[in-house]
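Coordinate analysis (summary)
The lines below spell out each chain.
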Amino acid sequence: LTVYAPAMDLGLINYSTVFDDTPLEYKADLGRYWPKNAPARYDGLLSVNRAVEVSKNTIAIKVLQKMTPEYSYNFSQNKLHLNSLVASDKDLAPLALGGLTNGLTVMEVTAAYSIFPNGGMYSSPRLYTRVLRNDDTVLLERNSNPEYAVSSDTAQVMTKILQNVVSNGTAAGITLDKKINVAGKTGTTNNDKDRYFVGFTPYYTAACWFVCIKIYLSARAVYSLCLLTLLYAGRIIFPALESSSIR
C-alpha cells in the first residue's frame, strides 16, 4: 500500500520487474541478516507480482529504497490520508514492513485500500450516505468527494496483483467460493501476535484485524488458530454473495 502502489505510479516498477530476494544487511545487534522473511528463506530472483503474492519483506524494502521513505511517507499522508503516521515512521522498516510507531486504525487502512477498486481515487470513510424522514425526504446526506491518489492504470495492475495474492499467495483460502472477484493482502507481526487481512470485491472494501494475547499454547497452535481465523475472514467481513448482482 505504501510501497508498491506509489512506486508503480512513479514508473519505478511494474508487474514483472525483477528483484533479488536477498537480505539487505547483516545486523550485529540482532545476530542475523535483515530483513527476515516469513517463512525464513530467500528465493533469489522474483517478480514484483510474486513478491507481493508471498509477502517478501526483502523486496518491499528494496522497492522502498528505490523510491525513498520520504516519498512514501508524503504519499501516505497526502494521498491516502494515513494521518496516524508520525515523523519516526519515515524509515524503511515502518513503511515497508509495517513496524509503525502508533499503528494505523482499521478505518484508515480500509479507506486507503479502496483506491484500488475505485480506479485510483480516494474517498473519505463515511458512516452513512443518506438518512431519510418518514415521508422519504432527506434529513442528512453525506456525499463523497473522491480525490486522485494513483492512476487508474496503477490501480488496475495493483488489483490484479492483489487478486493473485488470493489465488496463489498468502490469502489463498479467502475466495468467497469463487462467486465474485476478490483481492486482498495479509499481514502478520512477530510470533503471530497480530493477523491482518484487507480485501475488496468490485463493491466492498473491508479489513479484519485480530490479536492473539496471552494465549498459553505452543507457537504452532497459536499459528494454526490465527490461520484458521484468517481463512474465514473473508466470510466474516464480506456479505454472503449468492450472485454477483447482490451488492
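In what follows, the accompanying structure is described. (Residues numbered from 1 in each chain as written. Predicted model: local features only at pLDDT ≥ 70, side-chain atom pairs only at ≥ 80, totals over all residues. Heavy atoms only, no water.)

Check the secondary structure of the chain and you find nine helices and 11 strands. Put simply, the chain has 247 residues, and 40% of those count as buried. Pairs at least 24 apart in sequence give 56% of the contacts found in the chain among residues at least 6 apart. Counting only carbon and sulfur atoms, one obtains 51% of the accessible surface of the chain, whose full area is about 13,300 Å². (Helix = DSSP H or I, 4+ residues; strand = E, 2+ residues; numbered from the N terminus. Buried < 20%, exposed > 50% of the residue type's maximum accessible area, 1.4 Å probe, protein only. Contact = heavy atoms within 4.5 Å. Areas by Shrake-Rupley, 256 points an atom, 1.4 Å probe, with all protein chains shown as cover.)

For the rest of this paragraph, the subject is the pattern of salt bridges. For the coordinates displayed, the defined rule picks out five salt bridges. Between Asp 21 and Lys 56 there is a salt bridge, with its nearest N and O atoms 2.9 Å apart. With a gap of 35 residues between them, Asp 21 in strand 1 (residues 18-21) and Lys 56 in the loop between helix 2 (48-53) and helix 3 (57-67) connect regions that are remote in the sequence. As far as the burial class goes, Asp 21 and Lys 56 line up, both buried. Using a relative accessible area of 6% as the deciding quantity, one classes Lys 56 as buried. Overlapping salt bridges bring together Asp 21, Arg 41, Asp 43 and Lys 56 as one network. (Salt bridge = Lys/Arg side-chain N within 4 Å of Asp/Glu carboxyl O.)

Before going further, it helps to spend a moment on the pairing of strand 7 (residues 138-141). Regular strands place side chains that alternate from one sheet face to the opposite one. In this structure, strand 6 (residues 130-132) lies alongside strand 7, joined through three bridges in antiparallel fashion. In the sheet register, Arg 130 faces strand 7, and the bridge partner there is Glu 141. Hairpin connection between strand 6 and strand 7: a loop of five residues separates the two successive antiparallel strands, and Asp 136 in this loop has a positive phi of roughly 70°. (Pairing = 2+ DSSP bridges.)

Right, let's get into helix 6 (residues 106-113). Within helix 6, six of the eight residues are buried, leaving the element largely enclosed by the surrounding structure. Among the structural elements, strand 5 (121-122), helix 7 (152-168), strand 9 (183-188), strand 10 (194-200) and strand 11 (205-211) are those in contact with the buried residues of helix 6.

Our next topic: the side chain of Ser 114. One can find Ser 114 in the loop between helix 6 and strand 5. At a separation of 2.5 Å, a polar atom in the side chain of Ser 114 contacts the main-chain carbonyl oxygen of Ala 111. Not counting chain neighbours up to four residues away, the residues in contact with Ser 114 comprise Met 121 and Thr 205. (Polar contact = N/O pair within 3.5 Å; in protein donor to acceptor, adjacent residues only side chain to side chain.)

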